[in-house]
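Read off the chains here:
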Amino acid sequence: MAQEDLVAAEVLFESDLRPQTVFYSHLAVEKMLKAHWVEQHEEGFPPRTHDLMELLGMVKLDLSSWRPFLAKLSPEAVASRYAKPDTYSQQALAEYIQGSKELCALLLQMLN
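The following paragraphs examine the structure supplied in this document. Computed from a predicted structure; not experimentally measured. (Residues numbered from 1 in each chain as written. Predicted model: local features only at pLDDT ≥ 70, side-chain atom pairs only at ≥ 80, totals over all residues. Heavy atoms only, no water.)

1. Concerning the packing of aromatic side chains
- For the structure shown, the criterion picks out 3 aromatic pairs.
- On the basis of an interplanar angle of 80 degrees and a centroid distance of 5.5 Å, the ring pair of Phe23 and Tyr24 is categorised as edge-to-face.
- Judged by its relative accessible area of 28%, Tyr24 falls in the partly exposed class.
- A cation over a ring is seen here: Lys72 above Tyr96, with NZ or CZ 5.6 Å from the ring centre. (Phe/Tyr/Trp six-rings, centres within 6.5 Å; stacked < 30°, edge-to-face > 60°. Buried < 20%, exposed > 50% of the residue type's maximum accessible area, 1.4 Å probe, protein only. Lys NZ or Arg CZ within 6 Å of the ring centre and 35° of its normal.)

The structure is reproduced here in structure tokens:
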């Protein structure tokens, strides 16, 4: 599903739907971190949080080089839902999408 969210982010980007692009970029990363949580826990459901930094602290992964990106993307879970279209520049959108794609690819490789 995270891969589909990345495709959605790209379609939204091409349609110049800026807040939605950021939202789906965040959603993809969130789902991949929660996939790792599920893999590392024998039972239960992933935590009900959109905070990527909190999720990172709950999974056993060495993603220290990704902390700045996650810290920047994390607050966008809520902010992007209420943002005006001009809140995000094309450059910012490109950075969110590219970072999310790279991180999701890494997280996918790390799953057993």
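2. Here's the deal with the side chain of Ser100
- Relative to the elements of secondary structure, Ser100 occurs in helix 6 (residues 90–110).
- With relative accessibility at 0%, the residue Ser100 sits in the buried group.
- Apart from residues no more than four positions distant in its own chain, Ser100 is found in contact with Leu6, Ser25, Val29, Phe69 and Leu73. (Helix = DSSP H or I, 4+ residues; strand = E, 2+ residues; numbered from the N terminus. Contact = heavy atoms within 4.5 Å.)

3. Describing the environment of Lys72
- Secondary-structure assignment places Lys72 in helix 4 (residues 67–73).
- Each C-alpha atom, one on Lys72 and one on Gly99, is 11 Å from the other, the two residues being 27 residues apart in sequence.
- Ignoring anything within four residues of it in the chain, the contact list for Lys72 reads Glu95 and Tyr96.

4. Describing helix 1 (residues 2–14)
- Helix length check: helix 1 (13 residues) gives 19 Å between terminal C-alpha atoms against 18 Å at 1.5 Å per residue, within 8%.
- Regarding helix 1, the residues found buried are Ala2, Asp5, Leu6, Ala9 and Leu12. Buried residues in helix 1, looked at end-on, bunch into an arc of 120 degrees, giving them a common side. What points out from helix 1, more than 90 degrees from its buried face, is the exposed set Glu4, Val7 and Glu14.
- Turning to helix 1, the residues buried within the fold contact helix 2 (18–40) and helix 6. (Expected span 1.5 Å × (residues − 1). Arc of directions from axis to C-beta.)

From the geometry alone we can't say anything about function, so treat these as descriptive.
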